[in-house]
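Here's the letter readout for the chains.
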Amino acid sequence: MDSIPAPNPTPLQNLEEWEDFVKEVYPEPGKSAARPFQATDPEKQKEQFRDYESDARPTVREFYRLNHTYQTYDFAQAKRKEFLSLNRRQMGIWEAMEYLNQLVDDSDPDTDLSQLQHLLQTSEQIRRDGHPRWFILTGLVHDLGKILCLWGEPQWAVVGDTFPTGCRYSDKVVFPKFFQLNPDFQNAALQSENGMYEPGCGLDKVQLSWGHDEYIYNVCKDYLPIEGLYMLRYHSFYAWHREAEYSHLLNDQDKQNLKWVHAFNPYDLYTKSHTPPDVKALRPFYEDLIAEFFPGKVRW
Ligand SMILES: [Fe+2]
Ligand SMILES: [Fe+2]
């Protein structure tokens with residue numbers, strides 16, 4: 001009997017390919033007219049969306065096909081059980097940054113920055129703009145959840161825009177047609193507007209698809225203020241923070257903190273420059289900042 005092949009763990013050449021794609025979908029305001037969801041006429045909107053999909057690289061398309069097919073409610077729940085007991089190892093924050101830095105991919109000539117440099121560029125821009133220390137630190141740690149890749153997790157279970165599982169999919173999530181391949185799509189109870197949730201229950205009760213956001217939120221949840229935790233947990237939830245979808249599930253706390261997720265997003269997407277930050281010179285500042293909020297060892 002033929003067995004079903006396991007889904008390709010690495011459809012993308014590297015993780016940046018997904019982030020570059022997100023940046024194309026959501027270009028910096030004023031920099032490009034290519035944003036696909038601008039039209040108010042629903043038919044026009046669909047047209048723009050289709051254009052957009054057809055422009056995507058085959059690797060990115062395949063990445064989304066796998067992500068939308070395999071990120072079921074049960075999958076997201078099983079991954080929470082597997083990883084959120086945080087009993088894999090104990091590492092300080094700087095140590096985790098160096099650990100993540102093994103994820104360098106030098107096969108892509110466009111990506112000359114390491115993971116550590118992306119984190120420092122993000123936090124340095126936040127610092128230059130005069131934001132509070134917890135905000136700078138949030139920028140520094142925001143992608144540390146990508147260490148999941150080093151533990152054998154497939155790309156489509158680490159990055160990608162996140163979306164609620166257990167209720168109807170928004171068609172503002174990119175590549176919505178691939179949701180038809182998700183087994184939950186066939187389950188009517190999981191495809192009503194609220195699905196398994198009460199209206200207004202709050203995002204904390206909503207199980208988003210699994211990825212680096214939920215993981216780093218859990219690692220940091222005892223140490224950073226709620227505003228920073230919202231940035232960590234929802235920075236890839238574009239259907240909410242850029243498309244204003246899923247408002248029926250929000251509670252007051254979510255509505256209050258959306259502005260912080262908005263405040264963070266430009267630093268994540270638009271601070272990549274080719275000038276690498278001076279890691280050695282910056283390290284003392286960041287070691288002090290880390291020590292102000294985190295213990296020497298953190299559970300991962
Ligand atoms: Fe991220
Ligand atoms: Fe990032």
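About the cut-offs
Residues numbered from 1 in each chain as written. Chains lettered and ligands numbered in written order. Predicted model: local features only at pLDDT ≥ 70, side-chain atom pairs only at ≥ 80, totals over all residues. Helix = DSSP H or I, 4+ residues; strand = E, 2+ residues; numbered from the N terminus. Buried ≥ 20, exposed ≤ 12 C-beta atoms within 10 Å, placed from the backbone. Contact = placed C-beta atoms within 7 Å. Core = buried A, V, L, I, M, F, W, Y, C linked by C-beta atoms within 7 Å. Expected span 1.5 Å × (residues − 1). Axes fitted to C-alpha atoms, helices over the stretch in contact; angles between N-to-C directions. Parallel < 35°, antiparallel > 145°, perpendicular 65-115°, else oblique. Left-handed = near helix turned anticlockwise from the far one by under 90°. Nonpolar A, V, L, I, M, F, W, Y, C, P; charged D, E, K, R; others polar. pLDDT = per-residue confidence, 0-100.

(A) Fine view of the overall build of the chain. The secondary structure content of the chain amounts to twelve helices and two strands. Each helix and strand of the chain, placed in order from N terminus to C terminus, yields the pattern α-α-α-α-β-α-α-α-α-α-α-α-α-β. For the chain, the residues scored as buried account for 38% of the 300 residues in total. Restricting to contacts in the chain with at least 6 residues of sequence separation, those with at least 24 account for 78%.

(B) Structural view of unusual backbone geometry. Phi at Ala 244 is positive, roughly 55°, even though this residue is not glycine. Using a count of 11 C-beta atoms within 10 Å as the deciding quantity, one classes Ala 244 as exposed. If you check the backbone angles, Tyr 246 has positive phi at about 65° while not being a glycine. Tracing the backbone through its elements, the reader meets Tyr 246 in the loop between helix H10 (238-241) and helix H11 (252-270). Residue Tyr 246 is classed as buried on the basis of its C-beta count, with 23 C-beta atoms lying within 10 Å.

(C) Focus on the environment of Val 279. The topology assignment puts Val 279 in helix H12 (residues 279-293). As a C-alpha pair, Val 279 and Leu 116 span 163 residues in sequence and 8.5 Å in three-dimensional space. Among all residues touching Val 279, those that are not within four sequence positions of it are Leu 116 and Leu 120.

(D) Up close: helix H9 (residues 226-234). In terms of residue burial, H9 counts as a mostly covered element, since seven of its nine residues are buried. Here H9 has its buried residues at Gly 228, Leu 229, Tyr 230, Met 231, Leu 232, Arg 233 and Tyr 234. Contacts from the buried residues of H9 go to helix H7 (133-141), helix H8 (212-220), H10 and H11.

(E) Broad picture of the nonpolar core. Residues Trp 18, Phe 63, Val 141, Ile 216, Cys 220 and Ala 239 are the most contacted members of the largest nonpolar core, which totals 67 residues. Aside from chain neighbours lying at most four places away, what touches Trp 18 is Leu 12, Val 60, Phe 63, Val 159 and Gly 160.

(F) Structural context of helix H3 (residues 58-70). The end-to-end C-alpha distance of H3, which contains 13 residues, comes to 18 Å, matching closely the 18 Å that a straight helix rising 1.5 Å per residue would cover. Residues of H3 that are buried: Val 60, Phe 63, Tyr 64, Leu 66, Asn 67 and His 68. The secondary structure elements touched by the buried residues of H3 are helix H1 (16-25).

(G) How the structure looks around the environment of Tyr 267. Tracing the chain through its elements places Tyr 267 in helix H11. For the pair Tyr 267 and Thr 122, spaced 145 residues apart in sequence, the C-alpha to C-alpha distance is 5.5 Å. Residue contacts for Tyr 267: discarding those within four places in its chain leaves Thr 122, Gln 125, Ile 126 and Gly 139.

(H) The arrangement of the packing of helix H6 (residues 115-128) against H7 in detail. For the pair H6 and H7, interaxial distance at closest approach is 7 Å and the crossing angle is 165°. Judged by the angle between their axes, H6 and H7 are roughly antiparallel. Read as a crossing pair, H6 and H7 show a hand that is right-handed. Residues Leu 119, Thr 122, Ser 123, Ile 126 and Arg 127 of H6 form the contact with H7, whose participating residues are Phe 135, Ile 136, Gly 139 and Leu 140.

(I) Representation of the environment of Leu 116. As for its position among the elements, Leu 116 is in helix H6. Linking Leu 116 and Asn 101, residues 15 residues apart in sequence, is a C-alpha distance of 5.7 Å. With residues up to four places along the chain from it excluded, the contact list for Leu 116 reads Met 97, Glu 98, Leu 100, Asn 101 and Val 279.

(J) Molecular detail of the packing of H1 against H3. It is at 10 Å that the axes of H1 and H3 come closest, and there the two elements cross at 95°. Relative to H3, the element H1 lies roughly perpendicular. Within the contact between the two elements, H1 uses Glu 17, Trp 18 and Phe 21 and H3 uses Thr 59, Val 60 and Phe 63. Classifying every residue of the contact of H1 with H3 by side-chain character gives four nonpolar, one polar and one charged.

(K) Main features of the confidence of the model for the chain. Overall, the prediction assigns the chain a mean pLDDT of 90, with 89% of residues at 70 or greater. Here residues 33-39 is modelled with pLDDT under 50, and outside its nearest four sequence neighbours on either side it reaches 15 contacts, counting other chains as well.

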